[in-house]
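So the chains spell out like this:
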Amino acid sequence: MKKSILLRLGIIFLNLCFLINLSKAQTKQWSLDGNTYFVAENNSILKYSLPENTPETFIPSSWLQTPEGKSLAIRDFSFSQDRNKVLIYTNTKRVWRLDTQGDYWVLDLDSKKLQQIGKGLPESSLRFAKISPDGQKAAYVSEYNLYVEDLNSGEITALTTDGNRKLINGTFDWAYEEEFACRDGFQWSPDSKKIAYWQLDANQIRDFYMINNTDSVYSQIIPVEYPKVGQSPSPAKIGVVDLSSQKTTWLNIPGEPAQHYLPRMEWNNPDLLLVQQLNRKQNHSKIYAVNVPQNQAEVIYEEKDEAWIDVMSTWDNVYALTYRHRFPWVSEGKEFVWLSEKDGWRHVYRIGLDGKEQLVTRGEYDVINLLHVDEAEGWVYFHASPDNATQKYLYRTRWDGSGEAEKLTPPVWEGTHDYQISPSGKFALYRGQNHYTRPVTDWISLPDHDFLSMGEQMGVSVKKPDDTGMEFFTVTLDDGTEMDGWMVKPTNFDPAKKYPVVFYVYTEPWGANVKDTYGVGRNRLYDGDMAEDGYIYISLDNRGTPAPKGRAWRKSIYRKIGRLNISDQAEAAKQILEWDYVDPERIAVWGWSGGGSATLNLLFQYPEIYKTGISIAAVANQLTYDNIYQERYMGLPQENLEDFVAGSPITHAKNLEGNLLYIHGTADDNVHYANADMLVNELIKHGKLFQFMPYPNRSHSISEGMGINAHLRKLYTDFLKKHCPPGAK
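Cut-off values and rules
- Residues numbered from 1 in each chain as written.
- Predicted model: local features only at pLDDT ≥ 70, side-chain atom pairs only at ≥ 80, totals over all residues.
- Heavy atoms only, no water.
- Helix = DSSP H or I, 4+ residues; strand = E, 2+ residues; numbered from the N terminus.
- Salt bridge = Lys/Arg side-chain N within 4 Å of Asp/Glu carboxyl O.
- Buried < 20%, exposed > 50% of the residue type's maximum accessible area, 1.4 Å probe, protein only.
- UniProt positions renumbered as here; feature names shortened; annotations may be inferred.
- Contact = heavy atoms within 4.5 Å.
- Axes fitted to C-alpha atoms, helices over the stretch in contact; angles between N-to-C directions.
- Parallel < 35°, antiparallel > 145°, perpendicular 65-115°, else oblique.
- Nonpolar A, V, L, I, M, F, W, Y, C, P; charged D, E, K, R; others polar.
- Core = buried A, V, L, I, M, F, W, Y, C linked by side-chain atoms within 4.5 Å.
- Phe/Tyr/Trp six-rings, centres within 6.5 Å; stacked < 30°, edge-to-face > 60°.
- Lys NZ or Arg CZ within 6 Å of the ring centre and 35° of its normal.
- Pairing = 2+ DSSP bridges.
- Patch = residues over 30% accessible without salt bridge, like charges linked within 9 Å, V, L, I, M, F, W, Y side chains within 5 Å.
- Areas by Shrake-Rupley, 256 points an atom, 1.4 Å probe, with all protein chains shown as cover.

Between Leu50 and the following residue, Pro51, the backbone shows a cis peptide bond with an omega angle of 10°. Backbone torsion omega between Leu446 and Pro447 reads 10°, so that peptide bond is classified as cis. One non-glycine residue with positive phi stands out, namely Ser331, at about 55°. One can find Ser331 in the loop between strand E24 (329-330) and strand E25 (335-340).

Next comes the structure, spelled out in structure tokens:
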């Protein structure tokens, strides 16, 4: 019940294409002074210097010719710390969500020598290769084991030899990757003498078996190590291997490994590691400072929450290829930056190695995400939107915690404004948009926010068309809760007539639908133009969605998924049904993943409102989903099983009265196809008629195979038109 496949259940289908493209976007590598960046283009690496932003070839494709005369296709690249070597990532393969497995080559910029690392290991099997800080070695994972290679001699040394699908070294299992975005599982020490790495023991976790019936006349069993809700996590531990002795010392971190998680680790100096530990319920976080030579761990910071503590920011692209949870070091390594909701709002804190903390951002607003700390000038930059949760702007405030937050985004237009700030803090890549303005991108200077290319053109206010057909609105519930929504009205809308309404839902803690971005009201599954055909298209964000509205808004859904989010949506829909131009007999709802679960619950729990529903890849039974996600938001079923039952659509399936189209991929490794079988059985038991479409051997995104997108769109559209006819009456 969360992001969809390449990103997880919850970012769902409407955002899937954008996020896939984002994760495959060009990697920017910055110069040491932070005023020049490098990108890969056409199998070359180009250099751009700011503010001119003019390109010049830094590494031509001719330097990246293999001995066979082939030019390397650059998927990603990085520099050694001394900037004398470039690590090229190519020939990649997908592992769960992203193509994090492939081949690596090292280019020496002085000699122009190009050499492949990991020779002798299986093709496209290397993961997360990194050059040591001293530039002499490279480390990587292959087939669950960690290796180090001398770049001068080419000698490869296996630092672990016991790895397999159930004992994982230097990377993570399905659940850690899916729920914590943990993929890269090892780090060089700053002195290049040691490597710290995770080991996960999944031997006690049962496999879920997917069945492939399409690629052979005999079925093939595909096992997925998958800890279901209620099962203990895979025990995780962190080891430090000394390269001279090749001996691993396992860190002495207190707590039962099978009842805790270790989602974050970072070297501070060659003798000190910081490790974050979460209890199984994920409502108690501890930061340990581990003295590596003495193998002693001391808690320097801890935090509790009555609901849960977020590890990832839901606004960051945690599914970028090179994403890794980090402790952003400041004050020459004496402090790190931390985000916390403990005062009721998400704010930036400075945490010292001595445990002392200082609040940096202040006020009744959320820091959406941290962008940059400029210690020299005494500023911290971040995204926020105190006055409108559907939008996003650039703010800064004093690094010492004094003063008020200052909005830097100029009043060009309202909407969503994203920034990627250079390491120097002098420049930022800007991307602005709203629901009637296509995204505009330009480099800006900071802090004056001057546009480097478009100049004064960006100073002209963008006028909203007289009739966009799209509008934002709010609905106030009986208890005073305000829900944001957007609505796309039919073309040539006549308020004297009545129209059908199609609600698009997600509703869970991993996704918000109501954002002021271009194309937000587009339904990519509809084969045609909904507005032209005469539908009102609406989406609403209920309590529990990750909008920047404060902790109470987000955490109110704890142990109430399938109830609070559903009642909020239904109460808002009841108000909308009272609008003069809404036809209450033609009300449809649809969603994907967590939105598919919400669709089922709305259709089953409020059949008097919702007459038609299209549910895709839904969690029909909360007890089938993975432990990290479901226990984070719902608690442990051993303690409050009744909440899991009450929130599961399968519990209410007997109440189906309207028209249901249920769709699921049989090879969904995220929300298992077993949900479909369970739900279908329950509906059959109660004599309910419905339409069911299993897509053979398709994953959670239902995107594989020829003709799949066209078929899904036609299926969706034909069902909607048949059971919720478009047009005014």
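The full count for this structure, using the stated rule, is 31 salt bridges. Here Asp479 ties to Arg543 by a salt bridge, and the two come within 3.1 Å at their closest N and O atoms. With Asp479 in the loop between strand E36 (470-476) and strand E37 (482-488) and Arg543 in the loop between strand E39 (536-540) and helix H4 (551-555), the pair connects residues that are 64 residues apart, well separated along the chain. With a shortest N-O distance of 3.0 Å, Arg563 and Asp643 are connected by a salt bridge. One end of the pair, Arg563, is in the loop between H4 and helix H5 (564-577); the other, Asp643, is in helix H8 (residues 637-647), with 80 residues separating them in the sequence. The exposure class assigned to Arg563 is partly exposed, which follows from its relative accessible area of 32%. Judged by relative accessible area, Asp643 falls into the buried class, the value being 11%. A single salt-bridge network, built from bridges that share partners, covers Asp305, Asp310, Glu341, Arg346, Asp366, Arg551, Arg554 and Lys555.

The next subject is the UniProt feature "domain: Peptidase S9 prolyl oligopeptidase catalytic" (unreviewed entry) in the protein chain. The positions that UniProt labels "domain: Peptidase S9 prolyl oligopeptidase catalytic" (unreviewed entry) are, in the present scheme, residues 530-723. Each end of residues 530-723 is marked by a C-alpha atom, and these two atoms are 15 Å apart; helix forms 44% of the span and strand 17%.

As a further point, take the environment of Ile222. Within the secondary structure, Ile222 sits in strand E17 (residues 220-225). A relative accessible area of 31% means that Ile222 is categorised as partly exposed. Considered as a pair, Ile222 and Trp188 are 34 residues apart in the sequence and their alpha carbons are 34 Å apart. Every residue in contact with Ile222, bar those within four places of it in the chain, is listed here: Phe208, Tyr209, Met210 and Asn212.

This next bit is on the packing of helix H7 (residues 627-634) against H8. Interaxial distance between H7 and H8 falls to 11 Å at its minimum, and their mutual angle equals 75°. As summarised for this structure, H7 and H8 are arranged roughly perpendicular, according to the angle between their axes. Along its contact with H7, which presents Gln630, Glu631 and Met634, the element H8 presents Pro637, Asn640, Asp643 and Phe644. Residue composition of the contact of H7 with H8, grouped by class: 3 nonpolar, 2 polar and 2 charged.

The next point concerns the nonpolar core. In terms of nonpolar packing, the biggest core is built from 66 residues, with Ile117, Tyr176, Phe180, Leu251, Leu273 and Val275 touching the most fellow members. Residues within four places of Leu273 in sequence aside, it is in contact with Ala196, Val240, Leu251, Met265, Glu266, Trp267, Tyr288, Ala289, Val290 and Val292. The next biggest cluster of nonpolar side chains, apart from the first, holds 43 residues, and it includes Trp553, Ile609, Tyr662 and Leu683.

A word on the packing of aromatic side chains. Under the counting rule described, the total for this entry stands at 43 aromatic pairs. Judged by centre distance (5.3 Å) and plane angle (80°), the ring pair of Tyr430 and Phe451 falls under edge-to-face. Of this pair, Tyr430 sits in strand E33 (residues 427-434) while Phe451 sits in strand E35 (residues 450-451); the two residues are 21 residues apart in sequence, bridging distant segments of the chain. Taking the relative accessible area as the measure of exposure, Tyr430 reaches 1% and is therefore buried. Taken together, the ring pairs connect Trp174, Tyr226, Trp308, Tyr558, Tyr625, Tyr629 and Tyr633 into an aromatic cluster. Positioned over the ring face of Tyr349 is Lys342, at 4.9 Å from the centre of the ring. Sitting above the plane of the Trp379 ring, Arg396 keeps its charged end 3.5 Å from the centroid.

Before going further, it helps to spend a moment on the sheet that holds E37. Taken together, 8 strands build an open sheet; the order of strands is E36-E37-E39-E38-E40-E41-E42-E43 and the sheet is mixed. At either end of the open sheet lies a strand with only one pairing partner, and these are E36 and strand E43 (691-695). Strand-to-strand twist across the sheet, computed as the mean angle between neighbouring axes with direction ignored, equals 20°. Looking at chain direction, E37 and E39 are connected through 4 bridges and run antiparallel. Residue Val488 lies in a different strand from E39, and its bridge partner there is Tyr537.

Further remarks concern a nonpolar patch on the surface. Together, Tyr209, Ile211 and Ile221 make up an exposed nonpolar region whose accessible area comes to about 320 Å². Within the secondary structure, Ile221 is located in strand E17.

This next bit is on the sheet that holds strand E21 (residues 272-279). Overall, antiparallel pairing links the 4 strands, which are arranged E20-E21-E22-E23 in an open sheet. Both outer strands of the open sheet, strand E20 (260-269) and strand E23 (296-304), are each paired with one neighbouring strand and no more. Averaged over all adjacent pairs, the angle separating strand axes in this sheet is 20°, with direction ignored. As defined by bridge partners, E20 adjoins E21 across 7 bridges and the pair is classed as antiparallel. Note that in E21 the partner of Arg264 across the bridge is Gln276.

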